[in-house]
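Coordinate inspection notes
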Amino acid sequence: GGGGGRGGFVTNPGCVAEAEVSSLVAFVTLYPSTVAAEFTLGSLTVCDPRLPVEHPYRWAVRAANAAKFGVGVSPPVETFPSGPPLVEVSYETFDVGTEADGATSSASARLRPTRVVFLNRFVAECRAFATGLVDGIGDADSTGGDKT
């Protein structure tokens, strides 16, 4: 049982965590001797679906403009696809000797304001889930998948 579809985060007592990523875009341009790449991530939302939708600590990560919604106010999910992306990264290489400063590459990154709430209980439960999953996979690999 997921969150009820895209942007549909609902209370889900049997689920440890839900995440939604939107608008992940990559542009890569290859030239004979150089490369240019641009990457953007529109939004990232991580929530504890066991808490009510209105709970202030339900949202572990939400990419939003805090000035627009105020500190501690959870913006509606529909606001995330519009507006500037959460992360913008670009990388470009140059032919030797073409740049005045002698540079052979350029990299830049921009991160928009993000609210992150650290809840030890939530992190501990996610860690325990991942550890149990890895241990279960390791046990299945060591026995060849047999449960005798």
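Fair warning: this is a prediction, and the values are worked out from it, not measured in the lab.

**Details of the overall build of the protein chain**
The number of helices and strands found in the protein chain is two helices and six strands. In sequence order, the secondary structure elements of the protein chain are arranged as β-β-β-α-β-β-β-α. Sorting the 148 residues of the protein chain into buried and exposed places 24% on the buried side. Of the roughly 9700 Å² that the protein chain leaves accessible, carbon and sulfur atoms contribute 60%.

**Overview of the pattern of salt bridges**
Opposite charge on two side chains makes pairing possible when the charged atoms of those side chains draw close. Using the criterion set out here, one finds five salt bridges in the structure. We note a salt bridge from arginine 112 to glutamate 88, for which the minimum N-O separation is 3.0 Å. Here glutamate 88 lies in strand β4 (residues 87–93) and arginine 112 lies in the loop between β5 (105–111) and β6 (114–116), a separation of 24 residues in the sequence. Under the relative-accessibility criterion, glutamate 88 is labelled partly exposed at 27%. A salt bridge links glutamate 125 to arginine 121; its shortest N-O distance comes to 3.4 Å. In this pair, glutamate 125 and arginine 121 are both assigned in helix α2 (residues 120–143), four residues apart and thus about one turn of the helix distant. Three or more residues are tied together by salt bridges with common partners; here these are Asp48, Arg50, Arg121 and Glu125.

Thresholds, definitions, all that
Residues numbered from 1 in each chain as written. Predicted model: local features only at pLDDT ≥ 70, side-chain atom pairs only at ≥ 80, totals over all residues. Heavy atoms only, no water. Helix = DSSP H or I, 4+ residues; strand = E, 2+ residues; numbered from the N terminus. Buried < 20%, exposed > 50% of the residue type's maximum accessible area, 1.4 Å probe, protein only. Areas by Shrake-Rupley, 256 points an atom, 1.4 Å probe, with all protein chains shown as cover. Salt bridge = Lys/Arg side-chain N within 4 Å of Asp/Glu carboxyl O.

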